[in-house]
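# Survey of secondary and tertiary structure
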Amino acid sequence: MTTVTFHTEGSRITGFDASGHSGYAEEGEDIVCAAVTSTVRLIECVLNDVMGLCAAVKVSEKTARISLRLPGSLGQTAESTCQTLLTGMMVYLTELHSEYPDYIEVLEAE
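What counts, and at which threshold
- Residues numbered from 1 in each chain as written.
- Predicted model: local features only at pLDDT ≥ 70, side-chain atom pairs only at ≥ 80, totals over all residues.
- Heavy atoms only, no water.
- Helix = DSSP H or I, 4+ residues; strand = E, 2+ residues; numbered from the N terminus.
- Rg over C-alpha atoms; globule rule 2.2 N^0.38 Å.
- Contact = heavy atoms within 4.5 Å.
- Areas by Shrake-Rupley, 256 points an atom, 1.4 Å probe, with all protein chains shown as cover.
- Lys, Arg positive; Asp, Glu negative; His and termini not counted.
- Charge placed at Lys NZ, Arg CZ, Asp CG, Glu CD.
- Pairing = 2+ DSSP bridges.
- Axes fitted to C-alpha atoms, helices over the stretch in contact; angles between N-to-C directions.
- Parallel < 35°, antiparallel > 145°, perpendicular 65-115°, else oblique.
- Expected span 1.5 Å × (residues − 1).
- Buried < 20%, exposed > 50% of the residue type's maximum accessible area, 1.4 Å probe, protein only.
- Polar contact = N/O pair within 3.5 Å; in protein donor to acceptor, adjacent residues only side chain to side chain.

Attention now goes to the overall build of the protein chain. Secondary structure assignment for the protein chain yields two helices and five strands. Taking 13 Å as the expected radius of gyration for a compact globule of 110 residues, we find that the protein chain reaches 14 Å, a close match to that expectation. With respect to the principal axes defined by its C-alpha atoms, the protein chain has extents near 40 × 25 × 20 Å. For the protein chain, restricting intrachain contacts to residue pairs at least 6 apart in sequence, the fraction spanning at least 24 positions comes to 58%. Just so you have it, the protein chain exposes about 6500 Å², and 52% of that area is on carbon and sulfur atoms. Distance between charge centres in the protein chain, computed from 6 positive and 16 negative side chains, equals 12 Å.

This part is about the sheet that holds strand β5 (residues 104-109). The strand order β3-β4-β2-β1-β5 describes an open sheet built from five strands, whose pairing is mixed. Edge positions in the open sheet fall to β3 (56-60) and β5, since each of these has one partner strand only. Taken over all neighbouring pairs, the strand axes of this sheet differ in orientation by 15° on average, direction set aside. Summarising the sheet, strand β2 (residues 12-19) and strand β4 (residues 65-69) pair through five bridges and their orientation is antiparallel.

Two elements, β3 and β4, share five bridges in a ladder whose sense is antiparallel. In the strand pairing of β4, S60 is matched with R65. Taking the residues that link successive antiparallel strands as the turn, the β3-β4 hairpin has four residues, and the phi of A64 there is positive, at about 50°.

Here we take up the packing of helix α1 (residues 31-50) against helix α2 (residues 76-99). Interaxial distance between α1 and α2 falls to 11 Å at its minimum, and their mutual angle equals 180°. With respect to α2, the axis of α1 lies roughly antiparallel. Of the residues in α2, those in contact with V32, A35, V36, T39, V40, I43, V46 and L47 of α1 are C82, L85, L86, M89, Y92, L93 and L96.

Here we come to α1. Residues separated by three or four positions in an α-helix point in the same direction, a consequence of the helix having 3.6 residues per turn. Between its first and last C-alpha atoms α1 spans 26 Å; for 20 residues at 1.5 Å apiece the expected length is 28 Å, and the two agree. Listed in full, the buried residues belonging to α1 are V32, C33, A35, V36, T39, V40, I43, E44, L47 and N48. Tucked into the core, α1 has its buried residues touching β1 (2-9), β2, β3, β4, α2 and β5. The opening residue of α1, the one whose side-chain oxygen lies 3.0 Å from the backbone nitrogen of V32, is D30. Directly beyond the C-terminal end of α1, a positive phi value near 65° is found at G52.

Structure representation (structure tokens):
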């Protein structure tokens, strides 16, 4: 199962951890893993490559884990955009969980 944990401080989403293989299908045919991976990569690219924020990203191929943390001090516009993106990601993955409850779990942790 893939687990995505969103980290929060109060109402602010500070980042997320995604780990594990969903097990929905064999590697290369697993649509749940593909959906999660595409979502994670999109958020990472928008934050770092488009917005230039330098969000901390750690990837471990061995443990099938990726984590992303926002920088601590963002301007008002960047903060608002980041919160919208991460909230959208959370909603999307929660909906994916509704469709595939045995393969993806979405959690929040303070």
